[in-house]
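Each chain, letter by letter, is given below.
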Amino acid sequence: MGSHKNRLTFTVPLGRPECLDAERLSKQHVTSQKIKQVYLNTLAVSAVNFYLQCLGIETDLESSDSWNPLMQHLLDVADLCVPPLGKLECRPILPTHRMLYVPPEVWSDRIGFIGVAFNESLTEATLVGFVQTVDSEEIPLHNLESLSSFIVYLNALQPAQTIRLSHWFSGVIEAGWQKVEEILQPSPEFAFNFRYHGSVQRGKLLHLEPLNQPIALLVGLQQAPADRVNVLLEIHSGSDRDYLPENLKLMLLDHCGTSVMEAIAKSTNRNIQFEFSGEIGEQFSIQVSLGEYRIAQAFTI
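The rules behind the values
- Residue positions are counted from 1 within each chain, in the order its sequence is given.
- It should be noted that, the model being predicted, local features are given only for residues of pLDDT at least 70 and side-chain atom pairs only at 80 or more, the latter also being counted only at that level, while totals for whole chains, interfaces and linings use all residues.
- Water and hydrogen atoms play no part in the side-chain values, which are based on all heavy atoms of the structure.
- Only a pair of cysteine sulfur atoms within 2.5 Å counts as a disulfide in this structure description.
- Only DSSP runs of H or I covering at least 4 residues are called helices, and only runs of E covering at least 2 are called strands; the numbering of each starts at the N terminus.
- A simple rule labels every residue: compare its accessible area, found with a 1.4 Å probe on the protein chains alone, to the largest value its type can have, and call it buried under 20%, exposed over 50%, or partly exposed in between.
- Contact between two residues is taken to exist if any of their heavy atoms lie within 4.5 Å; hydrogens are not considered.
- Note: two strands are recorded as paired if DSSP finds a minimum of 2 bridges between them.
- Angles shown run from 0 to 180 degrees and are taken between the N-to-C directions of axes, each axis being a line fitted to C-alpha atoms and, for helices, limited to the stretch in contact.
- The domain boundaries here were taken from an automatic or database domain assignment.
- Joining two parts hides part of their accessible area as seen by a 1.4 Å probe, and the buried area is that hidden amount summed over both.
- Each reported salt bridge corresponds to a side-chain nitrogen of Lys or Arg within 4 Å of a carboxyl oxygen of Asp or Glu.
- Whenever two N or O atoms come within 3.5 Å, that pair is a polar contact, provided that in protein one can donate a hydrogen and the other can accept it, and provided that, for residues adjacent in sequence, both atoms are side-chain atoms.
- In the scheme used here, Gly and all other residues not listed as nonpolar or charged are polar, with Ala, Val, Leu, Ile, Met, Phe, Trp, Tyr, Cys and Pro taken as nonpolar and Asp, Glu, Lys and Arg as charged.
- Scored between 0 and 100, pLDDT is the confidence that the predictor attaches to each residue.

1. Let's talk about the state of the cysteines
Evaluated as defined, the whole model comprises one disulfide. Put simply, C81 and C256 are joined by a disulfide, and their sulfur atoms are 1.7 Å apart. Because the sign of the S-S torsion sets the handedness, a value of about -105° for the bond joining C81 and C256 places this disulfide among the left-handed ones. With a gap of 175 residues between them, C81 in strand β3 (residues 79–82) and C256 in the loop between β13 (249–254) and β14 (259–264) connect regions that are remote in the sequence. Classification of C81 as buried rests on a relative accessible area of 0%. With no disulfide of its own, C19 has C90 as its nearest cysteine by sulfur position, at a separation of 17 Å. By relative accessible area, C19 is classed as buried at 18%.

Next comes the structure, spelled out in structure tokens:
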């Protein structure tokens, strides 16, 4: 670790493993521009990955677009999957650069952007700072926040509790999750989908500003063959007489924070829902939002 003008930084030596990864991925492309781009992006991602591992933070390189040759071909991408928080963009900075360059195709679906500065020989990479969001391709380096602020920010993103759904089958259910009938009379759609033998249903009230009354998150589980579990997620108004607020959004996110399903309530909806199947141990999260207000919940099947 170091400090540059009162800003906490972190320097990573780039050894043979990091260079071999960069060479392996960059050589799968043809043009010199793309080869250089992928090489530098891979080194930047590797440096941030090492830093997060030092902090004890889980990462998933294989699920990152920056480790996918097809996505590398289509995009200028340097993301690192940080389950269950989302994707962190790791942008390379060469010695002659005075700006952090962030291409428009990666402005969205990121939990933050880290600048990674290389020395001339590409034997060291220094994480010099970060920003939470971007709306411009070039960001002056002096506008980056310190890594000390990044650590605080990342800790704030951590979910308070991850719900382990497969444990529900053996009766181990986290506090705050009630039987559905204790929250509301199940809607016909919810009861129909999980009336089969062996299903488990639980619900939890969510208090989302600026709503005057809570809404209900309902979860139904059903064991399936090959260690899979059928999952029903439903947001209910909490009453068979009330409707959900218009434009209330329910999003299903994979373990890298990428949206895989989305439902938006109309003015006549009492509920919106997803139904899917997953493997035991698979991670996902949901996000319920209304305008700028949002609530998230992480799950492991």
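Having seen the model, we can carry on.
2. Focus on the environment of E262
Along the chain, the position of E262 falls in strand β14. In this structure E262 comes out as partly exposed when scored by relative accessible area, which is 45%. Measuring from C-alpha to C-alpha, the distance between E262 and Q273 comes to 9.1 Å, with 11 residues separating the pair along the chain. For E262, the residues in contact, after removing those within four places along its chain, are K249, L250, M251 and F274.

3. With respect to the sheet that holds β13
Pairing within the open sheet is mixed, and its five strands lie in the order β9-β17-β16-β13-β14. Two strands lie at the open edges of the sheet, namely β9 (162–164) and β14, each paired on one side alone. Mean inter-strand twist for the sheet, computed between neighbouring axes without regard to direction, equals 20°. Sheet topology places β9 next to strand β17 (residues 293–300); three bridges connect them, and they run parallel. Directly across from I163, in β17, lies its bridge partner F299.

4. Overview of the domain arrangement of the protein
Assigned domains within the protein: domain 1 (10–157) and domain 2 (162–300). A C-alpha centroid distance of 34 Å is found between domain 1 and domain 2. Of the residues lining the interface, nine residues belong to domain 1; the matching set on domain 2 comes to six residues. Between domain 1 and domain 2 lies a buried interface of about 580 Å² when both sides are counted; carbon and sulfur atoms form 56% of it. The three residues of domain 1 that bury the most area against domain 2 are P83, P84 and K87, which together make up 53% of that side's buried surface. The interface formed by domain 1 and domain 2 holds zero salt bridges in total. At the boundary of domain 1 and domain 2, one finds three residue pairs in polar contact (both at pLDDT 80 or more). When contributions to the side of domain 1 that touches domain 2 are tallied by element, the ones reaching two or more residues are β3 and β4 (86–93). Class assignment of the residues belonging to the side of domain 1 that touches domain 2 gives a composition of four nonpolar, two polar and three charged.

5. Some details on the side chain of Q287
Residue position: Q287 is located in strand β16 (residues 283–290). Aside from chain neighbours lying at most four places away, what touches Q287 is K249, L250, M251, L253, R294, I295 and A296.

6. With respect to the confidence of the model for the protein
On average, residues of the protein score 89 in pLDDT, and 92% of them are at 70 or above. Per-element confidence in the protein ranges from a low mean pLDDT of 51 for strand β1 (residues 2–4) to a high of 97 for strand β6 (residues 112–118).

7. Describing the pairing of strand β12 (residues 228–236)
Most of β12 is tucked away: seven of the nine residues are buried. Sheet topology note: the strand β11 (residues 215–224)/β12 ladder contains nine bridges and is antiparallel. Across the sheet, L217 pairs through a bridge with I235, a residue of β12. Here β11 folds back onto β12, and the loop between the two strands holds three residues, one of which, A226, carries a positive phi near 60°. Where β12 meets strand β15 (residues 271–279), nine bridges bridge the pair, whose relative direction is antiparallel.

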